[in-house]
Amino acid sequence: MYISGRTEPKKATRQRDAERTRTAILNAARTLFSTRGFANTGVRDVAELAGVNSALVGRYFGSKEGLFRATLEQLIDISPMLRGERCRFGADMVAALFDTRDASGPLAMMILSAADPAAHAASVEFLQTKVIAPLARWLGAPDGEGRAARLNVLWSGFLTSWRLLPLQPLAGARLASTRRWLAATTQAIVDEGEA
């Protein structure tokens, strides 16, 4: 009975440590992929930033591409936004873009990694399956997929011009009017389907 009791806490500790290690690796990958891109991020770089042995990256994710995909999987998900009130979608989405500390992180990660064929393919796949397709279903007719794509262009363009390649006119006092414009334009695209 004593041995059995001793084994269970070790297993629970090992499991908690495994989850903590996996999370540390994903956080490090997010930081490096969104600042350096796929090609300029090595498995050893990720492991060093996470404070783990580089063999653990392979153990948990299989490869650098597997790690990139897992990081995208963790970061890209529009479904929480689709649970709110449809009439507030524009305001809620813009609030999420403005108020989330690292809203541009996934976009930076995809843009900086676009030159690598495997990372590019993963980015396009996740964008389609985790943003465009669910958003298109939620938007419905007419042309839900086209409207979802236009919304993505709008948000990506804004985040690029605000955070990644900052345009001075989007700074300071003008940002409030840009925020109102972005919310209204987003809502207008959502409302195109209303009769």
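As shown above, the structure is provided for reference.
Quick notes on the rules
- Residues numbered from 1 in each chain as written.
- Predicted model: local features only at pLDDT ≥ 70, side-chain atom pairs only at ≥ 80, totals over all residues.
- Heavy atoms only, no water.
- Salt bridge = Lys/Arg side-chain N within 4 Å of Asp/Glu carboxyl O.
- Helix = DSSP H or I, 4+ residues; strand = E, 2+ residues; numbered from the N terminus.
- Buried < 20%, exposed > 50% of the residue type's maximum accessible area, 1.4 Å probe, protein only.
- Axes fitted to C-alpha atoms, helices over the stretch in contact; angles between N-to-C directions.
- Parallel < 35°, antiparallel > 145°, perpendicular 65-115°, else oblique.
- Contact = heavy atoms within 4.5 Å.
- Nonpolar A, V, L, I, M, F, W, Y, C, P; charged D, E, K, R; others polar.
- Expected span 1.5 Å × (residues − 1).
- Phe/Tyr/Trp six-rings, centres within 6.5 Å; stacked < 30°, edge-to-face > 60°.
- Lys NZ or Arg CZ within 6 Å of the ring centre and 35° of its normal.

Side chains carrying opposite charge are able to pair once their charged atoms draw close together. Enumeration over the complete set of coordinates arrives at seven salt bridges. Across the pair Arg 20 and Asp 17 runs a salt bridge whose closest N-O atoms are separated by 3.0 Å. Taken as a pair, Arg 20 and Asp 17 lie in helix 1 (residues 2-36) at a separation of three residues, close to a single helical turn. According to the relative accessible area criterion, Arg 20 is exposed, its value standing at 54%. Here Arg 36 ties to Asp 45 by a salt bridge, and the two come within 3.2 Å at their closest N and O atoms. The class of Arg 36 is partly exposed, set by a relative accessible area of 37%. On the basis of relative accessibility, which here comes to 30%, the residue Asp 45 falls in the partly exposed class.

What follows concerns the packing of helix 8 (residues 144-164) against helix 9 (residues 174-191). At a closest axis distance of 9 Å, the pairing of helix 8 and helix 9 adopts a crossing angle of 170 degrees. By the angle between their axes, helix 8 is roughly antiparallel relative to helix 9. Across the interface between the two elements, Arg 147, Arg 150, Leu 151, Leu 154, Trp 155, Phe 158 and Trp 162 from helix 8 touch Leu 175, Thr 178, Trp 181, Leu 182, Thr 185, Thr 186, Ile 189 and Val 190 from helix 9. Taken together, the residues of the contact of helix 8 with helix 9 sort by class into 10 nonpolar, three polar and two charged.

Across its 21 residues, helix 8 extends 28 Å between first and last C-alpha, which sits within 8% of the 30 Å expected from 1.5 Å per residue. Those residues of helix 8 that sit buried are Gly 144, Arg 147, Ala 148, Leu 151, Asn 152, Leu 154, Trp 155, Ser 156, Phe 158, Leu 159, Thr 160 and Trp 162.

Evaluation of the coordinates by the stated rule reveals nine aromatic pairs. Judged by centre distance (5.2 Å) and plane angle (25 degrees), the ring pair of Phe 158 and Trp 162 falls under stacked. Here Phe 158 and its partner Trp 162 are both found in helix 8, four residues apart, which amounts to about one turn of the helix. Here the two residues Phe 158 and Trp 162 agree in accessibility, since each one is buried. A cation over a ring is seen here: Lys 64 above Phe 38, with NZ or CZ 4.3 Å from the ring centre. We note Arg 86 situated over the ring of Trp 138; from NZ or CZ to the ring centre the distance is 4.5 Å.

So, about unusual backbone geometry. For the bond running from Ala 141 to Pro 142, omega is -5 degrees, close enough to zero to count as cis. Along the chain, Pro 142 falls in the loop between helix 7 (117-139) and helix 8. With a phi close to 50 degrees, Asp 143 is a non-glycine residue in the positive phi region. You can see Asp 143 is positioned in the loop between helix 7 and helix 8.

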